[in-house]
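# What the coordinates show
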Amino acid sequence: TYTTKTAGKHTIDVTYKDEIFDPETVTLTVVVNKKQNNIKVEVDGSTYPENVTVKVTADVEGEYTIDINGSTYTVTANGEGKSVKLSAGSYYANVTYSDDEYDGITTNATFTVEKGTNNIKVEVSNVELPNKVIAYITADVVGTYRIYFDDDNYVDVDVKSNEKTA
């Protein structure tokens, strides 16, 4: 019995030699097949701005490389996965495992990160002439918001957090 650690073509030579028989050698070629590795990729949390979690399940434990639209990440098979921040859009994930002893060392998946929701709330103070109209904005997304009055006049307001901004 001999245990090989490599897949591929191997040669076995059996030789018999003693004083009563003629020496004889038998040569046999054997092909050792690669082991199968079934890989599956799963993506959770597909709404921006949530992180996307990429999980790999496989027959073979180890480190797997995930390429998502040109960005490379490493994840442990059958573990918690890899949390990745992605913008809204469509993505292609290619998962590979490097080991010459296994077939089934690559798989891929497509997934979409949906656009998130920006919950904008506007409150306006009770106004009587000649006072100014004051509008308060609360929003999930930090940025500059334009408030229009009667389609002609506007003011830009910077919302820095999810707090009321006038």
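Scoring rules and cut-offs
Numbering of residues begins from 1 in every chain and follows the order in which that chain's sequence is written. Predicted model: local features are reported for residues with pLDDT of at least 70 only, side-chain atom pairs are reported and counted for 80 or more only, and whole-chain, interface and lining totals are derived from all residues. Side-chain figures throughout are based on the complete set of non-hydrogen atoms in the structure, without hydrogens or water. Lining residues are defined by having an atom within 4 Å of a point belonging to a cavity or pocket. Those points lie on a 1 Å grid over the protein atoms alone, cavities being sets where a 1.4 Å probe fits but cannot get out and pockets being open sets with protein on both sides within 12 Å along at least five of seven lines. Grid points are joined across faces, edges and corners, and a volume is the space filled by probe spheres set on the points. Numbering of helices and strands starts at the N terminus; helices are DSSP runs of H or I of at least 4 residues and strands are runs of E of at least 2. Relative accessibility decides the category of a residue: with a 1.4 Å probe and only protein chains considered, values under 20% of the type maximum give buried, values over 50% give exposed, and everything between is partly exposed. Throughout, nonpolar core names a set of buried Ala, Val, Leu, Ile, Met, Phe, Trp, Tyr and Cys residues whose side chains join them through atoms within 4.5 Å. Note on contacts: a residue pair is in contact if any heavy atoms of the two residues lie within 4.5 Å.

Volume-wise, the largest pocket comes out at about 150 Å³. What lines the largest pocket is simply Tyr48, Pro49, Ala88, Lys115, Gly116, Thr117, Asn118, Asp140 and Val141.

Cis geometry marks the peptide bond from Tyr48 to Pro49; its omega dihedral reads 10 degrees. Position of Pro49 among the secondary structure elements: in the loop between strand E4 (39-44) and strand E5 (52-58). Of note in the backbone geometry, Asn78 takes a positive phi value of approximately 65 degrees without being a glycine. Among the residues examined, Asn78 registers a relative accessible area of 37% and is labelled partly exposed. With a phi close to 65 degrees, Asp151 is a non-glycine residue in the positive phi region.

Val56, Tyr64, Ile66, Ile68, Leu86 and Phe111 are the most contacted members of the largest nonpolar core, which totals 22 residues. Of all the secondary-structure elements, those providing two or more residues to this core are E4, E5, strand E6 (63-68), strand E9 (89-96) and strand E11 (106-113). Among the elements that make up this core, the one with the highest residue count is E5 (four residues). Apart from the residues within four sequence positions on either side, Val56 is in contact with Ile39, Lys40, Tyr64, Ile66, Val75, Thr76, Ala77, Asn78, Gly79 and Val95. Listed in part, the seven residues of the second largest apolar core include Ala139, Tyr145, Val157 and Val159.

That's the geometry; what it means functionally is another story.
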